[in-house]
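Structural overview for review
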Amino acid sequence: MTSETLYEIYQLLYDAFGSQHWWPGETAFEIMTGAILAQNTNWNNVEKAIANLKSGGYMTPDALHRIDNLQLAELIRPAGYYNIKTKRLKNFVNWLFDNYSGEPANLQNIYTDQLREELLGIKGIGRETADSILLYALGRPVFVVDAYTARIALRHELIEPGADYEQLRELFESNLTEDVAFFNEYHALLVKAGKDFCRTKARCSGCPLEELPHTLDIEYF
Ligand code: SF4
């Protein structure tokens, strides 16, 4: 039943919104960098920071490893929290050099669970960022969860109030076929639905999921 509902949600969202073409990026490293820059900001701001890095020739592991922190902070300023994100990018790239010779391609040989643990061990990389890197940069079948996912799942009574990140990830991964392209699109569609309709104050009228059973009578947000 849950599985059927999850597939139905996907289909309704896809029919309404179409493909979201996530995650834009020319290389795996650019996507990894984007995942860190995207924390607590919108994509337009991330794009400006990425453009600055690219135009300066800094969108490579080697260049980001060598760049001075102050200079990096200035380049990524448009993404907000730029001092914190500078440290996080440096932590990430240092890990890449300390363990994988600074080569994103070397990550491909590592099992997903191990890689996830390692990513979560990097200061400033949380579950959503780690899973975004695994799915969108490395093509691993991991379902990315965010606040929109939680809100929609809760309001459609697919999960209990207070469910944590791992419970939400488990909800999707255990009820859907593991498929990278499908997980990629599904997460992007949930974000679109969350931004356009399932906000803190829901706009159910006109939402593609309006016909499905849902409740707004939940104290959660
Ligand atoms: S806005 Fe309403 S119908 Fe749309 S996803 Fe949220 S609760 Fe469901």
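Coordinates for the structure precede this section.
The structure reproduced in this document is the subject of the present report. Source: prediction; values computed, not measured.

Attention shifts here to a negative patch on the surface. Side chains of Glu4, Glu8, Glu210 and Glu211 sit close together on the surface and give a patch of like negative charge. Along the chain, Glu8 turns up in helix H1 (residues 2-17). The class of Glu8 is partly exposed, set by a relative accessible area of 36%.

The subject of this paragraph is the packing of helix H6 (residues 82-100) against helix H7 (residues 112-120). Relative orientation of the contacting elements H6 and H7 amounts to 130°, with a least axis distance of 11 Å. With respect to their mutual orientation, H6 and H7 come out oblique. Contacts between H6 and H7 involve Phe92, Trp95 and Tyr100 from the first element and Gln114, Leu115, Glu118 and Leu119 from the second.

Before going further, it helps to spend a moment on the pattern of salt bridges. For the structure shown, the criterion picks out 11 salt bridges. In this structure, the salt-bridge partner of Arg169 is Glu166, at a minimum N-O distance of 3.0 Å. In this pair, Arg169 and Glu166 both sit in helix H10 (residues 165-175), three residues apart, roughly one turn of the helix. Across the pair Asp196 and Lys192 runs a salt bridge whose closest N-O atoms are separated by 3.0 Å. You can see Asp196 and its partner Lys192 sitting in helix H11 (residues 180-196), four residues apart, about one turn around the helix. Residue classification places Asp196 among the partly exposed positions, given a relative accessible area of 28%. When salt bridges with common partners are traced through the structure, they connect Arg116, Arg127, Asp131, Glu166, Arg169 and Glu173 into a single cluster.

Attention now goes to the packing of helix H2 (residues 28-37) against H6. At a minimum axis distance of 9 Å, the contact between H2 and H6 shows a crossing angle of 145°. Judged by the sense of rotation from one axis to the other, the crossing of H2 with H6 is right-handed. On the side of H2, the interface is formed by Phe29, Met32, Thr33, Ile36 and Leu37, while H6 contributes Lys85, Arg88, Leu89, Phe92, Val93 and Leu96. Among the residues forming the contact of H2 with H6, the class breakdown is eight nonpolar, one polar and two charged.

So, on to the environment of Ala28. Relative to the helices and strands, Ala28 resides in helix H2. Residue class for Ala28 comes out partly exposed when judged on its relative accessible area of 27%. Separated by 24 residues in the primary sequence, Ala28 and Asn52 place their C-alpha atoms 18 Å from one another.

In an α-helix there are 3.6 residues to a turn, and that puts residues three or four apart on one side. Burial within helix H8 (residues 127-137) is extensive, with nine of its 11 residues counted as buried. Three or more residues of H8 are buried, namely Thr129, Ala130, Asp131, Ser132, Ile133, Leu134, Leu135, Tyr136 and Ala137. One or two steps after H8, the chain reaches Gly139, where phi turns positive at roughly 65°.

Rules of the game
Residues numbered from 1 in each chain as written. Predicted model: local features only at pLDDT ≥ 70, side-chain atom pairs only at ≥ 80, totals over all residues. Heavy atoms only, no water. Patch = residues over 30% accessible without salt bridge, like charges linked within 9 Å, V, L, I, M, F, W, Y side chains within 5 Å. Areas by Shrake-Rupley, 256 points an atom, 1.4 Å probe, with all protein chains shown as cover. Salt bridge = Lys/Arg side-chain N within 4 Å of Asp/Glu carboxyl O. Lys, Arg positive; Asp, Glu negative; His and termini not counted. Charge placed at Lys NZ, Arg CZ, Asp CG, Glu CD. Helix = DSSP H or I, 4+ residues; strand = E, 2+ residues; numbered from the N terminus. Buried < 20%, exposed > 50% of the residue type's maximum accessible area, 1.4 Å probe, protein only. Axes fitted to C-alpha atoms, helices over the stretch in contact; angles between N-to-C directions. Parallel < 35°, antiparallel > 145°, perpendicular 65-115°, else oblique. Contact = heavy atoms within 4.5 Å. Left-handed = near helix turned anticlockwise from the far one by under 90°. Nonpolar A, V, L, I, M, F, W, Y, C, P; charged D, E, K, R; others polar.

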